[in-house]
Amino acid sequence: MEIDQTLLIKEPGIGLICVREKTWEIRRRDTKVCGWIGLTASASGTVSGVANLKDVHGPYSTADLSAHEDLHRVPSEWLQDYAGDGELYAWEMSGARAFDEPVPYEHPQGAVIWVRLEPPIELCAGCGEPRHGIHLCDFPTSVILGVDE
Ligand SMILES: [Zn+2]
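In this text the structure is predicted, and so the values were computed from the model without any measurement.

Asker: I tried to follow the overall build of the chain on my own but got confused; where do I start?
Answerer: Along its length, the chain carries five helices and six strands. Listing the helices and strands of the chain from first to last along the sequence gives β-α-β-β-β-α-α-α-β-β-α. Dimensions of the chain, computed from the C-alpha atoms along their principal axes, are close to 65 × 35 × 25 Å. The burial tally for the chain puts 26% of its 149 residues in the buried class.

As C-alpha cells, this is what we get:
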C-alpha cells in the first residue's frame with residue numbers, strides 16, 4: 001500500500017487520533033479525499049502515522065457537534081472559536097496508528113491542510129511499517145539474529 005498524501009493536524013488531536021481515542025477530525029471544509037492517508041503533526045516535517053479517512057459527516061452546528069465530544073474530543077468553546085459563523089464537518093478516521101519511526105518529507109511552503117507525498121510512502125505488507133531506508137523484513141531472520149544457517 002502506498003500513502004500519497006498526508007493531513008496536517010494539530011496537537012493534541014493527532015496524538016488522540018493515533019491511539020484511536022478520537023475518530024472525528026473537525027474541519028471547516030468538506031473533503032472528497034477518502035482512503036488511507038498520512039498523519040502529520042503541524043510543523044513536524046514528518047509523517048507520524050496513517051489512518052483510513054472513511055467518510056465525512058455534516059455540516060454541523062457547534063451545538064450539534066458538542067453532543068459528540070466522545071468522538072472528536074474537542075471542548076465546545078474551542079469548536080465555537082474555530083467555527084466562527086460557519087458550519088463544521090467531521091472527517092471520520094478508522095484504523096489509525098503511529099509508525100515506529102516518523103518518516104521525514106519535504107514540506108512545500110504554504111501547505112496548511114494536505115501535502116502530496118512525492119515519492120509516496122510505501123507500507124510493508126508484512127509489518128505495516130514504512131519501507132524507509134533499511135527495512136528488517138527485507139532480510140532473512142538468520143541475518144537479523146546473526147546466526148549461521
Ligand atoms: Zn516490514
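Next comes the rest of the account.
Asker: What's the story with unusual backbone geometry in this structure? I'm lost.
Answerer: Peptide bonds are trans in most cases, and residues, glycine excluded, mostly fall at negative phi. A cis amide bond links glutamate 11 to the next residue, proline 12, at an omega of 5 degrees. Tracing the backbone shows proline 12 in the loop between β1 (2-9) and α1 (13-18). Cis peptide bonds are those with omega within 30 degrees of zero, and the linkage from glycine 58 to proline 59 qualifies with 5 degrees. A positive phi angle, near 60 degrees, is found at arginine 20, a position not held by glycine. One can find arginine 20 in the loop between α1 and β2 (24-27). Positive phi values are uncommon outside glycine, yet arginine 73 reaches one of about 65 degrees. Mapping arginine 73 onto the fold places it in the loop between α3 (69-72) and α4 (76-83).

Asker: Teacher, can you tell me more about the sheet that holds strand β6 (residues 114-122) here?
Answerer: The strands making up a sheet associate through backbone hydrogen bonding, with each pair oriented either parallel or antiparallel. Taken in spatial order, the six strands of this open sheet run β2-β5-β4-β3-β1-β6, and their pairing is mixed. Where the open sheet ends on each side, the last strands, each with one partner, are β2 and β6. Neighbour-to-neighbour, the strand axes of the sheet open up by a mean angle of 45 degrees, direction not taken into account. Pairing geometry for strand β3 (residues 35-41) and strand β4 (residues 46-60), over five bridges, is antiparallel.

Asker: When you look at the nonpolar core in this model, what are you seeing that I'm missing?
Answerer: One broad trend across soluble globular proteins is that nonpolar side chains are buried collectively. Within the largest apolar cluster, 27 residues are counted, with the highest numbers of intra-cluster contacts made by Ile17, Ile26, Leu39 and Ala51. Listing elements by their share of this core, those giving two or more residues are β1, α1, β2, β3, β4 and β5 (88-104). By residue number, the principal contributor to this core is β5, which donates seven residues. In this structure, alanine 51 is in contact with Ile17, Ile37, Leu39, Met93, Ser94, Gly95 and Ala96, ignoring residues within four places of it in sequence.

Asker: Sorry, what's going on with the pairing of β3 here?
Answerer: Remark: a regular strand shows side chains that alternate across the two faces of the sheet. Counting buried positions along β3 gives five out of seven residues, so the element sits mostly inside the fold. Two strands pair when backbone bridges link them, and β1 and β3 are joined in this way by four bridges, in the parallel orientation. Counted as the bridge partner of isoleucine 9 is alanine 41 from β3. In this structure, the hairpin formed by β3 and β4 is closed by a connection of four residues, where alanine 43 is found at a positive phi of approximately 70 degrees.

Asker: In this structure, what is going on with the environment of serine 44? I would like to understand it.
Answerer: If you trace the backbone, serine 44 turns up in the loop between β3 and β4. Sequence spacing of serine 44 and valine 112 is 68 residues, and the spatial spacing of their C-alpha atoms is 12 Å.

Thresholds, definitions, all that
Residues numbered from 1 in each chain as written. Predicted model: local features only at pLDDT ≥ 70, side-chain atom pairs only at ≥ 80, totals over all residues. Helix = DSSP H or I, 4+ residues; strand = E, 2+ residues; numbered from the N terminus. Buried ≥ 20, exposed ≤ 12 C-beta atoms within 10 Å, placed from the backbone. Pairing = 2+ DSSP bridges. Axes fitted to C-alpha atoms, helices over the stretch in contact; angles between N-to-C directions. Core = buried A, V, L, I, M, F, W, Y, C linked by C-beta atoms within 7 Å. Contact = placed C-beta atoms within 7 Å.

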